[in-house]
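Tertiary structure, described
One letter stands for each residue in the lines below.
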Amino acid sequence: MTGPILIIAHITLQEGVRKKAVLGGVLLAAAFLALYGLGMYFVMRDLRVPEGFVDPDVFRDAVAGQLLASALNVAGMLTALVAIFTSAGAIATEVEQNTLHAIIPKPLMRWQVLVGKCCGLGAMSAAFAIVTTLALLSLTWIFAGFFSWSSWQSALLLGLLGILLTCVTVCASTLLSSLTAGVTVIMLYGLALVGGMVEQLGVLLQIQVMQNIGVISSLVLPSDALWRMAAQRLDVQKFAGLAGGPFEGFSQPSIFMLAWALMYIILAVLLGVRVFGRRDL
Amino acid sequence: MADLAITTHQLRKVYGDTPAVASLDLAVPQGEIFGFLGPNGAGKSTCVKMLLGLVFPTGGNGTLLGAPLGDRHVKARIGFLPELFRFHEWFTAREFLNFHGKLYGMSARQRKERISAVLALVNLEHTAGQQLRTFSKGMLQRIGIAQALLHDPELIFLDEPTSALDPIGRRLVRDIIRKLKAEQKTVFLNSHLLSEVEAVCDRVAIIQRGEVVRDGTLDELLAARRLLDIHVESMSAAVLERVKSQWTVATSEGNQFTLALDDPADVPRVVELLVTGGADVHHVALRHESLEDLFVRTVDDTGS
Ligand SMILES: Nc1ncnc2c1ncn2[C@@H]1O[C@H](COP(=O)(O)OP(=O)(O)O)[C@@H](O)[C@H]1O
Ligand SMILES: [Mg+2]
C-alpha cells in the first residue's frame, strides 16, 4: 500500500531537483540568510546601549530577539511561497498535460498518487522551512550570542506551516487550474495574515470583535496561528517591553490551534482524495 | 468459445448534454487483435479511458480479463499506450521505463532485464540515456509502446499507436503487434489508419457516435460484398441506366465506376450488357471490399 506512495513521492522530489525548483529554493534561502547574517553582524558591532540602561546584555538580547522574530516572519512568508508555488500544479498540470493517462491505469489507486504528491512536496517545503529556521537561529547565536532552548520548536512549527500550505494547495489543485489554485491559497494565506494582525490589535485595544475576527480567520486557515506559535517559541517576548517592535506577541494561539492545523492537513488531503478520486482525466 | 478479454454492456459516457459514448456492447475474445475503428470523435478514446479507470462511465459496465472494471490485480496485467500522451520530459528513457516498471510492481532485476528487452523491441537502445525532452514525436510514441509492454501484459490497449510514426516506425509497430499475437496476447487497437488495421486485426468493430454500427471478424465482414471495378469508354446514358437498374453503383468517377455485387456470378452478365450496348470495355476486375470501402460505406450509411 505504501509502495506506490513512496514511488510517487520519490519522483516528485526527483522532479523538484531536475526542474531546478530545489535549486531555486536553496538560492532563495541562501540569499535571505546571507542578508540576515550580515545585518545581524553590523547591528551588533555598531549597537550603542542607551545611557542609563542597567544591563547592556539584556538590551543586546532584546535587539537580537526582535531581529530574529522579524526574520522568522520573512522565513514564514518564504515558506508559504515555496509551498504554494511548488504545489499549485501538483495535480492540475498533470491533468492538463495528460501525464496521468499513463499512470492511473497502473496497479495503484488514485489516492496513493495524491498522497504521494503531498508527501514529496510537503517534505520539500518542510525541509526548506526547517533548514532556514535552524540557520537563522545559528546565525543569531554566532553573531549576537542569543539562544533559547525552546526555539527548535519554532523550526518544527514552521515546517508544519510548509506541510499545511502544501496539502491545501495540492487539494486546490485537484479542482482548479494551477494558476487559480495558487492564487486562491495565496489569498487565504493573506486573509489569515491580516486576520492575525487584527487580532493583535484587538488584544492591544481590548476590542473583543477584533479578536474574534482573528480567531475566525485562523479557523479558515491556521497558517498565521502556526507562525505566531513559532515566534513565541523563540522566547523573545520577555524583551518586548524593552525594545518594542511589531512582534511583541500580545496573544498566543492556544494549543487547540495546533490540533486544528493538524486536523486541517488531514481534511485537506481527504477532500483532495475525494475530488481527485471522482474526476475524469 | 474462447474466454473474453474485454466485455462491455451498455457502456455510456455523457459530457454535459452530449453523449461521447452512447451505448457500447463489445466482446473481445482473448488472443485476438481487435481493431476499434470510427471517425474522429466517435468515442474510441473515451471508451478506452472508461475501461482503464481514467473516465467514469455514466452508465453500463464492463469486464477486463474476467474481472469488473477497476480491479487492481487485473491492472497489473494490462498495458496502455495513451493517445494524447505527454510523459515527464525530464526523465531519460531508461529512468522513465524504470519508474513505470516500479509502478507495475516489478522487482529491480525484472526491470533491468525487461527495460533492455523493450528498448531493443522499439529500436531505442541507443537513446536510452537521453532525456525525453529531446525525443521526436515518433520516438516518444515508441517509448510509450515500450512502457505499455514493459511488464509483459496479457492485454494491451494501443490508442492510435502510429499517429506520429513514419512508414518504418509503422512497420515496426505492425511487427510488434504480430509478435504479440504469436504470444497469444490480446491487443485492443484504436485507429483510423485502416490499412494498418486491415494488415493485423482479426476482428473489428466500427463505431459511430459511441455505438457499434458494424462488427465481426475481418474475413466475414470483407467477404460479404464483392466489388467490380470497370473502366469503359463511350458508354451511352441508356446503358448506364440499365446497369444502374440491376446493380448498385458503389462509386463512379468519369469513365470508371465500381459496382457492388451480391453474387460474383453476375460478372459475365455485366460485361455482356456493356458490350451489347456498344461500350468499349477496357478493364474489368472483381475484388473483395477493402476495409476502407467498408468503413466509408458504413460511416456514410449511418452518418447524417
Ligand atoms: N473531457 C471531455 N469533455 C467534453 N467532451 C469530451 C471530452 N472528452 C471527449 N469529449 C467528446 O467526446 C467525443 C468522443 O471523443 P473521443 O473519445 O476522444 O473520440 P475518438 O477517440 O473516437 O476520436 C468527442 O465529441 C469529444 O469532443
Ligand atoms: Mg481518440
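Up top you'll find the structure we're talking about.
Anyway, here's the lowdown on the structure attached to this text. Everything numeric in this text was worked out from a predicted model, so none of it was measured.

Residues and elements named next belong to chain B. Here we have four strands laid out as an open sheet, ordered β12-β13-β11-β14, and antiparallel in their pairing. Two strands close off the open sheet at either side, each with one partner strand: β12 (248–253) and β14 (280–288). Going from strand to strand, the sheet's axes swing by 20° on average, the running direction of each strand aside. Of the pairings in the sheet, the one linking strand β11 (residues 226–233) to strand β13 (residues 256–261) comprises six bridges and is antiparallel in character. For Arg226, the partnering residue across the bridge sits in β13 and is Leu261.

Before going further, it helps to examine the site of ligand 1. All names here are of chain B. Close to ligand 1 lie Tyr15, Ala20, Pro39, Asn40, Gly41, Ala42, Gly43, Lys44, Ser45 and Thr46. Separating an oxygen atom of ligand 1 from a backbone N or O atom of Ala42 is a distance of 3.2 Å. Contacts to ligand 1 include Gly43, whose backbone N or O atom sits 3.0 Å from an oxygen atom. Surface burial for ligand 1 is 57%, taken as the share of its 560 Å² of free accessible area covered by protein chains. Here the shell around ligand 1 gets three residues from one element, more than from any other, and that element is helix α1 (residues 44–51). The class makeup of the residues in the shell around ligand 1 is four nonpolar, five polar and one charged.

Let us look at the pairing of strand β9 (residues 203–208) of chain B. Across the six residues that make up β9(B), a large majority, five, are buried. Counted between consecutive antiparallel strands, the loop separating β9(B) from strand β10 (residues 211–217) of chain B contains two residues, among which B:Arg209 sits at a positive phi close to 45°.

With that settled, the discussion passes to the pairing of β11(B). With eight bridges joining them, β11(B) and β14(B) adopt antiparallel strand pairing. Residue pairing for β14(B): B:Glu233 is matched across the bridge by B:Asp280.

Now for the packing of aromatic side chains. Under the criterion given, the structure shown has twelve aromatic pairs over all chains. Taking the centre distance of 5.3 Å and the plane angle of 25° together, the rings of B:Phe34 and B:Phe188 count as stacked. Taken as a pair, B:Phe34 in strand β3 (residues 33–37) and B:Phe188 in strand β8 (residues 186–191) lie far apart in primary sequence, 154 residues in all. Neither B:Phe34 nor B:Phe188 differs from the other in exposure class; each is buried. Directly above the ring of A:Phe276 sits A:Arg110, whose terminal nitrogen or CZ lies 5.7 Å from the centroid.

Scoring rules and cut-offs
- Note on numbering: residues in each chain are counted from 1, in written sequence order.
- Each chain is given a letter, starting from A, and each ligand a number, starting from 1, according to the order in which they appear as written.
- Local features in this predicted model are restricted to residues of pLDDT 70 or higher, and side-chain atom pairs are both shown and tallied only at a pLDDT of 80 or more, whereas totals for entire chains, interfaces and linings draw on every residue.
- Each side-chain value is worked out from all heavy atoms of the structure, with water and hydrogens disregarded.
- When DSSP locates at least two bridges between a pair of strands, those strands are taken to pair.
- The way it works is that DSSP assigns letters per residue, a run of H or I at least four long becomes a helix, a run of E at least two long becomes a strand, and they are numbered from the N terminus.
- All axes here are fitted lines through C-alpha atoms, helices being fitted over the stretch that makes contact, and every angle between N-to-C directions spans 0 to 180 degrees.
- What makes a residue near a molecule or strand is one non-hydrogen atom of that residue sitting within 4 Å of it.
- Pairs of N or O atoms within 3.5 Å make up the polar contacts considered here, provided that, within protein, one atom can donate a hydrogen while the other can accept it, and that residues adjacent in sequence are counted only when both atoms are side-chain atoms.
- Every accessible area reported is derived by Shrake-Rupley at a probe size of 1.4 Å, with residue values counting cover from the shown protein chains alone.
- Gly is placed with the polar residues, together with every amino acid not listed as nonpolar (Ala, Val, Leu, Ile, Met, Phe, Trp, Tyr, Cys and Pro) or charged (Asp, Glu, Lys and Arg).
- Burial classes: relative accessible area under 20% of the type maximum marks a residue as buried, over 50% as exposed, and values in between as partly exposed (1.4 Å probe, protein chains only).
- Working definition: a ring pair exists when centres of Phe, Tyr or Trp rings (six-membered ring for Trp) sit within 6.5 Å. Plane angles under 30 degrees give stacked, over 60 give edge-to-face, the rest tilted.
- Lysine and arginine charges are scored as sitting over a ring when NZ or CZ, respectively, is within 6 Å of the ring centre and within 35 degrees of the ring normal.

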